[in-house]
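# Breakdown of the fold
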Amino acid sequence: MARRAWSEVEEEILLTNLSSLVDQGVWQAENGFHPGYLGVLENQMRVSFPEAGIKQNHIEGKIKKWKRDFFYLDAILRIPGFGWNPNENKLVVENNVWNEFVQTRPQLRHFRDKEFPNYNRWGHCFV
């Protein structure tokens, strides 16, 4: 199945709904969420976007990507020489530190200049 293209508005509503589930305190489990949370999110997304056809597998894929990006960023920010610019929601790092880092982690090369405006909200959901 092809990956679904999400609009910014869809992503915002999904993240808001996910955060709401976390705030309720019912859905979080030791290492993620209790079974059934994807069905709840699918129903919420259907109310907001009835014609979009957003299904549980789409939601699960988006959440997995967010979670993966969050934990990569969190790990990177623990490495000496890396920092965070809260105004631009980007990593801050000197060129020599970055070049050494991506030699061993080339799959994260795109993180250098990418904005992550939801980093803190992801942390609320995944930590």
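Look above for the structure.
The structure contained in this document is the topic of the report that follows. Worth saying up front: this structure is predicted, and the values here are computed from it rather than measured.

About the criteria used
- Residues numbered from 1 in each chain as written.
- Predicted model: local features only at pLDDT ≥ 70, side-chain atom pairs only at ≥ 80, totals over all residues.
- Heavy atoms only, no water.
- Axes fitted to C-alpha atoms, helices over the stretch in contact; angles between N-to-C directions.
- Helix = DSSP H or I, 4+ residues; strand = E, 2+ residues; numbered from the N terminus.
- Left-handed = near helix turned anticlockwise from the far one by under 90°.
- Contact = heavy atoms within 4.5 Å.
- Nonpolar A, V, L, I, M, F, W, Y, C, P; charged D, E, K, R; others polar.
- Pairing = 2+ DSSP bridges.

## Focus on the packing of helix H1 (residues 8-24) against helix H5 (residues 119-126)
Two numbers describe how H1 lies on H5: the axes approach to 9 Å, and their chain directions differ by 35°. Between H1 and H5 lies a crossing of left-handed hand. In this structure, H1 contributes Glu-12, Leu-15, Thr-16, Leu-18, Ser-19, Val-22 and Asp-23 to the contact, and H5 contributes Arg-121, Trp-122, His-124, Cys-125 and Phe-126. Partitioning the contact of H1 with H5 into residue classes produces 6 nonpolar, 3 polar and 3 charged.

## A closer look at the pairing of strand E3 (residues 82-85)
As paired strands, E3 and strand E4 (residues 90-93) are joined by 4 bridges and run antiparallel to one another. Directly across from Trp-84, in E4, lies its bridge partner Leu-91. From the end of E3 to the start of E4, which pair antiparallel, there are 4 residues, and Asn-89 there has a positive phi angle of about 55°.

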